[in-house]
Structures are given as structure tokens and as C-alpha cells.
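Okay, here's what each chain looks like letter by letter:
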Amino acid sequence: MRPRRDAAPTALDDHARATLGKARTENFPVAPSFLPRAWRDGLMAVYGYARLVDDIGDGDLAPGGRDAVLLGLDPAAADDRLAMLDAFEADLRRVFRRTGGSDGPPRHPLLQALQPVVRAHGLTPEPFLGLIEANRQDQHVTRYETYGDLLAYCELSANPVGRLVLSLTGTSTSERIRRSDAVCTALQIVEHVQDVAEDLGRGRIYLPAEDMRRFRVAEADLKAHSAGASVRSLVAFEAERARDLLNEGTPLVGSVHGRLRLLLAGFVGGGRAALRAVTAAGFDVLPGPPKPTRSGLLREVATVLRTAPRKG
């Protein structure tokens, strides 16, 4: 699809730019400067959407209720996560309505910025709705009994992002989607492994209950200032699962060319670097999330580029 020419790009205010600024804290590069401008703009628009919906679901919105007001709610509604998610979904649906719809254009600046990207690339609502549904699930599901249950959650919370990247770059195939899903699920599990203490502070545990029983880990063990041997063994087990998924998804990097290959290597390398940081910490993630160094990230990206099987 060709981009529409009937609207100027949305000017983001400081509030919206602060949300986009969180890209610097991610385990992987979101929209690096070596990419074409159109790709960078599209990736940042998608990131802004995903970051905002996660901030709503996690209760991490900026104080003052501005996001609630932008979505047509009372400022006090900013603390009502389900109401905010409902309003956010209603605003998302404005993104996909034809110009001149009775409900008007999107209200939130980050969704206004998303609309031309959606139109230019012919994106569909499903991946975006999946991210909202994952955050709704977070409001009433705080424990996962099995690894399979966790994978089903990642299908909503993580995999849509990779699928959107493939759509934005015009490279979607069934095989690439399968590999992308493996990488995105791996990155989600890596984040869960890093953020055990933070998630527990929000009342959530993403370590499967069946695995906790296997390693004789009780919830109280996760509240300690430092992990004991059983917790470290559990974290190492989940980290290895994430590593296996990254390995499964790595051929995605070799299936594309040019700058997209480097971008995808950044995603895989970011996950590997984070896992290396967890390993270097002795799998003790309770004091805080172990973070990779920039040099460690670059080394992992170089390794992925060197070793990813080439196809096509």
C-alpha cells in the first residue's frame, strides 16, 4: 500500500516523547539509526503503542492522569487499569476506521502517530489487540501453572511485536513468522527471568508453578534479598529454555538481507546478552535485573551475524 498524503505527521508532545524514550532501556535496539527512515518511524510508532499499553497494564503511567484525559476519561481513571485498557482499545479502533468516521480520529498522540504507519503498510488490528488482551490478562491472572500456559500468554504479549516488524519491513512468510515467534517468546521469558523481584512487587509470578515445585521453590523464597540455591537452579532452568528458543529463532536472521539482517541480529543478540548477564550474576536475579553491557551486546550481535544460517 502507498502512504496516504492527506495528513501531516503528528507532532508529539513531551509526554508522548517520554514514553518513546523508554526504548533506551530495552534489552535490544528498537529502531537503530542504520535503518531507513521509514522503517525507523514505523518501528518507533509500534514501540510507542506497545510501551503505552504495557504501562497502562503495569500501572506505570506518568502521574497526573494525562493519558486518561487524552483517552477521554477523567484523570482519576488513570488508576483503573481495565477502564484505561478499554478506552485505549476504543482509540485503537479509531486508528483503523476510515477517514471521516463518526467517532473522529484517534485521541492519543501515540495512536495518532500510529495511524499513518498502519495505512502505509496495510497493518491489521489483530496484533495490536493481542497486546491489549495480554495486559487485560495481567489484571486477573497473576500465576501460571505450566510452561504451556506461559507460552500461551507470550502468544499475546510478545509474538505480535515480531509479526509487526516483519509486516513493516515487507518480509512476512509463514516460516519467518514461526521463527520470529520463537525469538519474541524467548525475549519475553528473558524479561521474566530478569524481573522476578519487580514482578513479585506487582503481585505477579511468571515462573511456572510446576517448575517452582520441581525445584522446591516457594513464593516466600522469591522475596529474599538474595537467591538461594533452589531459586538459582530454577532461574537457570528457565534461562536455558529461553536460550533454546533463541537458537530456534536464529535462522530468521539468516533468511533476510541487508540492514534488516542487522536489526534482527540485534534482537537475538540482545536476548543472548541479557542471558549472559543473568549467568554472570550466578542466576541471582532477586537483588535486581542483571543487565548486559553495551560491549557484551555488540559481541553477541556479532556472533549472531557470523553464525546465523543463511537462507535465500
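Before reading on, note that the structure itself is shown above.
Residues numbered from 1 in each chain as written. Predicted model: local features only at pLDDT ≥ 70, side-chain atom pairs only at ≥ 80, totals over all residues. Heavy atoms only, no water.

### Considering the side chain of serine 157
So the rule is basically this: Secondary structure elements are taken from DSSP: a helix is a run of H or I of four residues or more, a strand is a run of E of two residues or more, and numbering for both begins at the N terminus. Each residue's exposure class comes from its accessible area (1.4 Å probe, protein chains only) as a fraction of the maximum for that residue type: buried when under 20%, exposed when over 50%, partly exposed otherwise. We call two residues contacting when some pair of their heavy atoms lies within 4.5 Å.
With respect to the helices and strands, the residue serine 157 is situated in helix 7 (residues 147-157). A relative accessible area of 13% means that serine 157 is categorised as buried. Dropping the residues within four chain positions of it, serine 157 is found in contact with Leu131, Ala134 and Gln188.

### As for the packing of helix 4 (residues 81-96) against helix 6 (residues 126-140)
This is how the line gets drawn: To get an axis, a line is fitted to the C-alpha atoms, and for a helix only the part in contact is used. The angle between two axes follows their N-to-C directions and goes from 0 to 180 degrees. Small angles under 35 degrees read as roughly parallel and large ones over 145 as roughly antiparallel, with 65 to 115 read as roughly perpendicular and the rest as oblique. In the scheme used here, Gly and all other residues not listed as nonpolar or charged are polar, with Ala, Val, Leu, Ile, Met, Phe, Trp, Tyr, Cys and Pro taken as nonpolar and Asp, Glu, Lys and Arg as charged.
Taken N-terminus to C-terminus, the directions of helix 4 and helix 6 make an angle of 175°; their axes are 10 Å apart at the nearest point. One element, helix 4, and the other, helix 6, form an angle in the roughly antiparallel class. The residues of helix 6 that touch helix 4, namely those facing Arg81, Leu82, Leu85, Asp86, Phe88, Glu89, Leu92, Arg93 and Phe96, are Phe128, Leu129, Ile132, Asn135, Arg136 and Gln139. In the contact of helix 4 with helix 6, the residues fall into eight nonpolar, two polar and five charged.

### Here we look at the nonpolar core
Note the cut-off: What we call a nonpolar core is a set of buried Ala, Val, Leu, Ile, Met, Phe, Trp, Tyr and Cys residues that are connected through their side-chain atoms within 4.5 Å.
Formed by 85 residues in total, the largest nonpolar core has its most connected members in Tyr49, Phe88, Leu114, Phe128, Leu222 and Leu264. Per-element accounting of this core gives the leading share, ten residues, to helix 14 (residues 258-280).

### Considering the environment of leucine 71
Turning to its location among the elements, leucine 71 is positioned in the loop between helix 3 (66-70) and helix 4. Judged by relative accessible area, leucine 71 falls into the buried class, the value being 4%. Note: C-alpha distance between leucine 71 and valine 285 (214 residues apart in sequence) is 37 Å. With residues near it in sequence (within four places) discarded, leucine 71 still touches Met84, Ala87, Phe88, Asp91, Arg107 and His108.

### Here's the deal with the pattern of salt bridges
To keep it simple, the criterion reads: One side-chain nitrogen of Lys or Arg within 4 Å of one carboxyl oxygen of Asp or Glu is enough to make a salt bridge.
Following the criterion strictly, the structure yields 25 salt bridges and no others. We note a salt bridge from aspartate 55 to lysine 22, for which the minimum N-O separation is 2.7 Å. One end of the pair, aspartate 55, is in helix 2 (residues 37-58); the other, lysine 22, is in the loop between helix 1 (14-20) and helix 2, and 33 residues separate them in sequence. Residue classification places lysine 22 among the partly exposed positions, given a relative accessible area of 27%.

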